[in-house]
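In case you want the letters, here they are:
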Amino acid sequence: KQEVTQIPAALSVPEGENLVLNCSFTDSAIYNLQWFRQDPGKGLTSLLLIQSSQREQTSGRLNASLDKSSGRSTLYIAASQPGDSATYLCAVRMTTDSWGKLQFGAGTQVVVTP
Amino acid sequence: ETGVTQTPRHLVMGMTNKKSLKCEQHLGHNAMYWYKQSAKKPLELMFVYNFKEQTENNSVPSRFSPECPNSSHLFLHLHTLQPEDSALYLCASSQDRGREQYFGPGTRLTVT
């Protein structure tokens, strides 16, 4: 049974610092991994999708890496801004899945202080 | 409207009420999903529809009844809910079941 863990559960950094968010999974047979952002009481915004064959994906200040063999993904946010304050979720889809089920971690709540 | 929309955004209902949540996607996608997000718990998948056909029911109680009349619309019919069903209900869609999922803003449901 796949377990997705995100540590730490909460993180506070001053503006300008780089953010490093971790996601680990117990079963390496993943099809892809997706990072999301969720603002309080709102839906999810997709940030990056990494296929199992990829090592990293980049979009602007965001960079996500994937090490499938060790069961880890890391989301880096460069030069953090107060607007980056949100909860960040990672989710994996298994290769054995035929109907698009994403399995989510509990998230990391980020606060960027001015 | 663009993306994935959900109505209502907030809903308060009694345990004996019947209500429905609506989701509409404007992305031309073929797959649609219902998720439940409870406080302090990870997001849980409830139902998946692909080309209007339900492909998975993730052991959801029968008091939740989904309906997908076409590829753009998805409903979640609710009846005789319990207080523990209070949660944020999120709808998502994707081009097909293997592709990136796009989420709506959610419906905040409170069962009294």
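What comes next is a walk through the structure. (Residues numbered from 1 in each chain as written. Chains lettered and ligands numbered in written order. Predicted model: local features only at pLDDT ≥ 70, side-chain atom pairs only at ≥ 80, totals over all residues. Heavy atoms only, no water.)

A word on the overall build of chain B
A count of helices and strands for chain B gives zero helices and eleven strands. In chain B, the order of α-helices and β-strands from amino to carboxyl end is β-β-β-β-β-β-β-β-β-β-β. Taken over C-alpha atoms, the radius of gyration comes to 13 Å for chain B, in line with the 13 Å a tight globule of 112 residues would show. Along the longest, intermediate and shortest principal axes, the C-alpha atoms of chain B span 35 × 30 × 30 Å. Taking all contacts inside chain B whose residues are at least 6 apart in sequence as the whole, residues at least 24 apart take part in 53%. Per element, the accessible surface of chain B, about 5300 Å² overall, is 47% carbon and sulfur. Distance between charge centres in chain B, computed from 12 positive and 10 negative side chains, equals 6 Å. (Helix = DSSP H or I, 4+ residues; strand = E, 2+ residues; numbered from the N terminus. Rg over C-alpha atoms; globule rule 2.2 N^0.38 Å. Contact = heavy atoms within 4.5 Å. Areas by Shrake-Rupley, 256 points an atom, 1.4 Å probe, with all protein chains shown as cover. Lys, Arg positive; Asp, Glu negative; His and termini not counted. Charge placed at Lys NZ, Arg CZ, Asp CG, Glu CD.)

A closer look at the interface of chain A and chain B
Listed as interface residues are 21 residues of chain A and, on the opposing side, 21 residues of chain B. For the pairing of chain A and chain B, the buried interface totals around 1600 Å² over both sides, and the portion due to carbon and sulfur atoms is 55%. The largest per-residue losses of area from chain A upon contact with chain B belong to A:Leu44, A:Trp99 and A:Phe104, which jointly make up 35% of the total buried on that side. Across the contact surface, chain A and chain B share zero salt bridges. Our count for the contact surface shared by chain A and chain B stands at four residue pairs in polar contact (both at pLDDT 80 or more). If you list the elements that add at least two residues to the side of chain A that touches chain B, you get strand 4 (30–38), strand 5 (44–51) and strand 9 (86–94) of chain A. The element best represented in the side of chain A that touches chain B is strand 4 of chain A, accounting for five residues. (Buried area = accessible area lost by both parts, 1.4 Å probe. Salt bridge = Lys/Arg side-chain N within 4 Å of Asp/Glu carboxyl O. Polar contact = N/O pair within 3.5 Å; in protein donor to acceptor, adjacent residues only side chain to side chain.)

A few points about the sheet that holds strand 6 (residues 56–59) of chain A
Whether parallel or antiparallel, the strands of a sheet pair through hydrogen bonds between backbone atoms. Residue and element names in this part refer to chain A. If you walk across this open sheet you meet the five strands as 1-3-8-7-6, and the pairing is antiparallel. Each of the sheet's edge strands pairs with one partner strand only, and the pair in question is strand 1 (4–7) and strand 6. Direction aside, neighbouring strands of the sheet carry axes that sit 15° apart on average. Sheet topology note: the strand 3 (residues 19–25)/strand 8 (residues 72–77) ladder contains six bridges and is antiparallel. Bridge assignment links Val-20 to a residue of strand 8, and that residue is Tyr-76. (Pairing = 2+ DSSP bridges. Axes fitted to C-alpha atoms, helices over the stretch in contact; angles between N-to-C directions.)

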